[in-house]
Amino acid sequence: MKFLAPYWWQILLVIAFTYGEVWTTLELPSVMSDIVNKGIITGDMDYIYQRGWFMVIITALGSLSAIIAGFFASRVGTGFGRDLRAGVYKKVEGFSLAEMRRFSTSSLITRSTNDVEQIQQVAFFIMRIAVRAPLMAIGAILSAFRTAPSMTWIMVLSVITLLVLVISVFMIAMPKFQLQQKLVDALNQVSRENLTGLRVIRAFNNEKIEKQKFNEVNRDITKTGLFINRITNILEPGMTMIISFTTLAVVWIGAGMVMDDKLEIGNMMAFMQYSLQVITSFLMLVIIMVMVPRAHVSVERISEILETDNSVREPKNPQKPDESKRGLVEFKHVTFTYPDAESPVLNDIDFVTKPGETTAIIGSTGSGKSTVANLISRLYDVTAGQVRLDGVDLRSLSHRDIAKIVGFVPQKAVLFSGTIASNIKYARADITDEAMRRAADIAQADFIKDLPDGYRAQVARSGSNFSGGQKQRLAIARAIAKDPEVLVFDDSFSALDYRTDARLRRELAKRESDKTIIIITQRISTIREANQIIVLNDGGVAGKGTHYELLKSCEVYREIAESQFSEEEMAGELKLAGVSADNASDASNTGEVKYA
Amino acid sequence: MPSQNNSESNRRQPARPAGHRGRGAVDKPRDFWGTGKRLIGYMKPYWKQLIAVMIMVAISTVLSVASPKLLGNITNQITNDYIDLKVYEAIHDRLPKGVNLPDGTTLEDLQKMMPAGANGSQQKYENVSISDSQRERITKLDITKRPGLHVDAIGRIAITLIIFYVASAIFYYAEAWVETNITQRVAYRLRRQLSDKINSMPLDYFDHHEFGDVMSRITNDVDTVSQSLSQVVSEVVYCLASIIGTVIMMLSINASLTLVALVTIPVSAIAVGLIVSHSQKYFKKQQDTLGDLNGHIEEVYSGHNVVKIFATEAKTGARFNYYNNNLYKSSWRARFISGITFPIINLIGNIGYAAVAVMGGRMVIDGRLSIGDIQAFIQYVSRLNQPIVQLSNVTNVAQSTVAAAERVFEFLDEKDEIVTWEGDGEIIENVQGYVDFDHVKFSYQKGKPIIHDFCAHVKPGQKVAIVGPTGAGKTTVINLLMRFYDPDSGTIKLDHVDTKKISRANVRKQFGMVLQDTWLFHGTIKENLLYGKPDATDDDLKRAVKAARAEHIIRALPKGYNTILDENADNVSAGEKQLLTITRAMLANAPILILDEATSNVDTRTEELIQDAMDELMKGRTSFVIAHRLSTIRDADLILVMNHGDIIETGTHDSLMKQSGFYAKLYNSQFEAA
């Protein structure tokens, strides 16, 4: 709600002008009744003219007030929406991966777009109608009371009837509304299943079964739709009846009072108008009551974001990286537990790597190897231990310095809309074209040459017009182009075929030899030449060493190798590793395995 | 005031993807009349009901239009009675004490009795002006009796009114009931047709369209059609009946007043038109910037870690602020300008109201109009604006309805899979597993052939591997085999029968598939496993499960075979899902197998298990294997090497290695060191 604070004076203006609008609306029937009572009945034409002009002036004032109120309301409503959106965006931008994971990206997107939109809509609505309806209701009741106090009960009665009608209709329809929502979800699910499984469905010739499934939901949804409509359709004629009977009652009761001189005819007519206004105001209030809870869900979803504390904070007095320890990456007894998780994904990880070295981290899915990459870029903070970059604890480095030191290629390549050039030069606009080409070259992004516009080729949102492998290579080029001290590849080669993978690594070794390189992967062939391989298993280090050392000493590593090489290849590998395993002896042919 | 609030309040707006069409900006159909006609065609079976609907709306409207006039009659009655009373009182006040008038003396008699000139003809009674028409009645008033309210007369009108009110409501509800029936059935039919269509279209369509797009047609668009179809039908009738009825009633009260009131209509129509066209511009702009903004948010959020790692928050933030401010500017303007509509209409309406009050007042004084008439007339004036505004609204609703219908029809009009065989075609049974490709040519896009002239002959039980770099078009061969696509020329034969002469269902029946993307549906494990062969016995099932190495998975689940597989369920991992699809294929027991990168989403140790299961599955069957790891297919009887969509080499592993061509390079690069 603090987002509304800067608008307080505008909100006051909205209320003030809305009051003006309401006042003139309420004044009209009484002017009319004056015309009838003092003008028509007494035959005073001058008075009628005078009041007629008065009416025009009043209504003009009223419309003017309404327009001014609308002006401020639309500014406040949309301004509030803008600020709220900006607030949410800023907050999310500061989130660490832990918070991103907690909310999930798609949920954050809907919250920042649809939910904000929804709230803005309701804020505007409240400003226009929720301010107006109560003012109107109170004003109309007061005026009615002034005109004919003894008839106010008619009004009360009709408002109560109205509320009973509307509430009972909603009570009956509400559970069905929820059911309807569920059925819509079910319909979505069935059709999504049908679409994603087209090949399988057709392979099994099961189109009929799918149609049946769909039709069951279809039938249910139609049935509930019919029910809901039949119930809610009562509302309109019901409300019309209430209004009609109210007017009739006013006339009927009023007639007697007129005869007894307790009421003037003009006042009776005014009273009819007031009752109408009261009823419609209450109707508006009911609508607001329906709308507000719906917006309430959105409000909650937004405040959840705004109230989340960022788990990774910028240091207050950042330290500068130590020049003498350029490119040094140190993991000191690092333990990491995901928030809400019971056991740590990484347990007491300890290693050092320096420029010119390639360190590989291998392990099966869920072994925590991607977490290592995320820790180096401080997308998470360690639970215990320390990660040091250039000799300084990450938590004491500014976020900009970390970004300068580390070049990171995430597992899932993400590009941004723009051109190929703007993507490769993403880190800094001042990267030269030469550096850009060199980076693309190392990254094996030779497909750029085949594009009609080359480096100026358009990249669609999230890079959707490029294939997975192409995106991955561009992401690699992007990281190389910024010339960092440390290059981290988080399973970045998996979208590439073996050949491109091999060529890329060769280029990397040749042309980026001054960098500290960390490769995270599942493929053994990718990392055979690494200076040091760290084998992760169930969060702990299962082995550390070179390829051949590990083949000899590390059980987990050998298992992984066995599953990736054919028997002969494995035998050859083991032989080279100097292991005289049983199956090594009957393998004679290692010629297919070529080494550089 | 019927059907005013149902567009926003009663209607549950389906959640649309961010940045799509929203309020304000109207979605315009390309061919309004054509599509509209077709949509009306859907209502043809219900034409009787539709006519009933229209009649009922008309009756309901006429009844409700008539009531203000009746109500005005009551007021007239009250006014007359009141005046009579005042006259009576005035006379009795002035009558000298002790004078008794004989029964039945009227005012006329009294005046005759009075000395001439004692009372002028313009006399007033207690400040009540009396018009000539009333004078006539009053002169006949029996002044010996104290006049009271004519309760019987008022009661008669009141009862008529009550009948009118109730009848109008009943007709209204009955109409809505019938209408709901029609529109819900139309929606049902549309959805059903869409579902049928999905299952009869060539895969080609879905390879080039997003699922989200198709789904939005099934839910959102059909919803829009069904929601607004009813609105359009009844509201047009209601508005027209209401406008015509009101004007007739107004004319019956007074023609010149009607003229005054009607003048306001074109004025407000023009004003509204101007405002709408002006605000439409901003709505359009708002829609566009909202799209940009949401797109930007989506992009930044999904690339969140990249933004962080590259520390480009300032850059993306500036872009966000730019879009956000633009949105603010266009959206408050759009909102403000469209918000002016109501006060303006109100102003014009109220000026008309004042004019009616003044002119009407004059007429009442002149005796050309009664007070009740003014009351009724004012009610009619306020009734007139509403259906006009509504009618202009209906055209918008009609447009978006037709636009939604257009999207639905567009999908329904897509081509079905074509029948390529003549007559009954041929039926193949007990297939051995011969597969022959004879000079197959194929292109996804006309003029861009990707398979040029492919020949291969596969014998029963052989293993065919398809290899090549990512994006080389390995799935194309599978698509052709299973007749998801048909070759441009050349033939593919199953057991020496051209597959084009066999129905697709019959062809596909011969294949078992295990794909990279493990498709299982929402349902129990058992239902999923039996998907390919619903009539399999429990023994068959158990045997297949065992052969596919899937026993341990099912045993580990709390409900075993009855465990429900959920979209987001974590109880079964990707690898385990793959084993389940292998079981499913095992059970279906088709003579030819297709294994498409079945192990690429799985970590290496689960992969071994799956490999075992697949080896078991392949025993004695002709199989086509797509693999990214070449070591697994070295023993294949035939290897098809693909690059850039074309088959460039064929042969066995050994012969291909000897060629030292593309395959050899590909194979060696696996082990190439950096």
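(A) Representation of helix 8 (residues 235-259) of chain A in the model. Counted at 1.5 Å a residue, the expected span for helix 8 of chain A with its 25 residues is 36 Å, and the 36 Å between its end C-alpha atoms agrees. After helix 8 of chain A finishes, the residue Asp261(A) shows a positive phi value of roughly 65 degrees.

(B) Here's a closer look at the sheet that holds strand 4 (residues 489-494) of chain B. Residues and elements named next belong to chain B. Strand order in the open sheet made by the four strands is 2-1-4-5, with antiparallel pairing throughout. Looking at which strands have only one partner, the edges of the open sheet turn out to be strand 2 (451-458) and strand 5 (497-498). Relative to strand 5, strand 4 runs antiparallel, the two being bridged by two bridges. Across the sheet, the residue bridging to Leu494 is Val497, located in strand 5. Across the sheet, helix 12 (residues 474-481) touches strand 1 (435-442), strand 2 and strand 4, and the angle it forms with strand 1 is around 115 degrees.

(C) Up close: a negative patch on the surface. Judged by side-chain charge, Glu562(A), Glu608(B), Asp612(B) and Asp615(B) come together as a negatively charged surface patch. No other element matches helix 18 (residues 604-618) of chain B, which puts three residues into the negative patch. Following the sequence through the fold, Asp612(B) ends up in helix 18. Relative accessible area serves as the criterion here: at 38%, Asp612(B) is assigned to the partly exposed category.

(D) The side chain of Lys515(A), seen in detail. Its location among the elements puts Lys515(A) in the loop between helix 16 (498-511) and strand 10 (516-521). Beyond its immediate stretch of four places on either side in the chain, Lys515(A) contacts Pro355(A), Gly356(A), Glu357(A), Asp483(A), Pro484(A), Glu485(A) and Leu487(A).

(E) Examining a positive patch on the surface more closely. Residues and elements named next belong to chain B. A contiguous patch of positive charge, built from Lys281, Lys285, Lys329 and Arg333, is present on the exposed surface. Taken together, the elements giving at least two residues each to the positive patch come down to helix 8 (255-302) and helix 10 (313-366). For Lys285, the location among the structural elements is in helix 8.

(F) Region of interest: the domain arrangement of chain A. Residue and element names in this part refer to chain A. According to the domain assignment, chain A consists of domain 1 (5-306) and domain 2 (323-564). Summing the contributions of domain 1 and of domain 2, the shared interface buries around 430 Å²; its carbon and sulfur component is 65%. On the surface where domain 1 and domain 2 come into contact, there are one residue pair in polar contact (both at pLDDT 80 or more). Class assignment for the residues of the side of domain 1 that touches domain 2 results in two nonpolar, one polar and one charged.

(G) Representation of the packing of aromatic side chains in the model. Under the counting rule described, the total for this entry stands at 26 aromatic pairs over all chains. With a centroid separation of 5.3 Å and 90 degrees between ring planes, the pair formed by Phe71(A) and Trp332(B) is classed as edge-to-face. Here Trp332(B) lies in helix 10 and Phe71(A) lies in helix 2 (residues 45-94), a pairing that spans two chains. Taking the relative accessible area as the measure of exposure, Trp332(B) reaches 9% and is therefore buried. A connected cluster of aromatic rings, assembled from ring pairs, spans Trp9(A), Phe71(A), Phe72(A), Trp332(B) and Phe336(B). A cation over a ring is seen here: Lys176(A) above Phe227(A), with NZ or CZ 4.8 Å from the ring centre. Across from the ring centre of Tyr426(A), 5.8 Å away, lies the NZ or CZ of Arg478(A), which sits over that ring.

(H) Structural context of the interface of chain A and chain B. Listed as interface residues are 158 residues of chain A and, on the opposing side, 166 residues of chain B. On inspection of chain A and its partner chain B, the count reaches two salt bridges. With its nearest N and O atoms 3.4 Å apart, the salt bridge here joins Arg202(A) to Glu417(B). For the pair chain A and chain B, the number of links is 39 residue pairs in polar contact (both at pLDDT 80 or more). If you tally residues by element for the side of chain A that touches chain B, the top one is helix 2 of chain A, at 26 residues. Looking at the side of chain A that touches chain B residue by residue, the classes come out as 72 nonpolar, 50 polar and 36 charged.

Rules of the game
- Residues numbered from 1 in each chain as written.
- Chains lettered and ligands numbered in written order.
- Predicted model: local features only at pLDDT ≥ 70, side-chain atom pairs only at ≥ 80, totals over all residues.
- Heavy atoms only, no water.
- Helix = DSSP H or I, 4+ residues; strand = E, 2+ residues; numbered from the N terminus.
- Expected span 1.5 Å × (residues − 1).
- Pairing = 2+ DSSP bridges.
- Contact = heavy atoms within 4.5 Å.
- Axes fitted to C-alpha atoms, helices over the stretch in contact; angles between N-to-C directions.
- Patch = residues over 30% accessible without salt bridge, like charges linked within 9 Å, V, L, I, M, F, W, Y side chains within 5 Å.
- Areas by Shrake-Rupley, 256 points an atom, 1.4 Å probe, with all protein chains shown as cover.
- Salt bridge = Lys/Arg side-chain N within 4 Å of Asp/Glu carboxyl O.
- Lys, Arg positive; Asp, Glu negative; His and termini not counted.
- Charge placed at Lys NZ, Arg CZ, Asp CG, Glu CD.
- Buried < 20%, exposed > 50% of the residue type's maximum accessible area, 1.4 Å probe, protein only.
- Domains from an automatic or database assignment.
- Buried area = accessible area lost by both parts, 1.4 Å probe.
- Polar contact = N/O pair within 3.5 Å; in protein donor to acceptor, adjacent residues only side chain to side chain.
- Nonpolar A, V, L, I, M, F, W, Y, C, P; charged D, E, K, R; others polar.
- Phe/Tyr/Trp six-rings, centres within 6.5 Å; stacked < 30°, edge-to-face > 60°.
- Lys NZ or Arg CZ within 6 Å of the ring centre and 35° of its normal.

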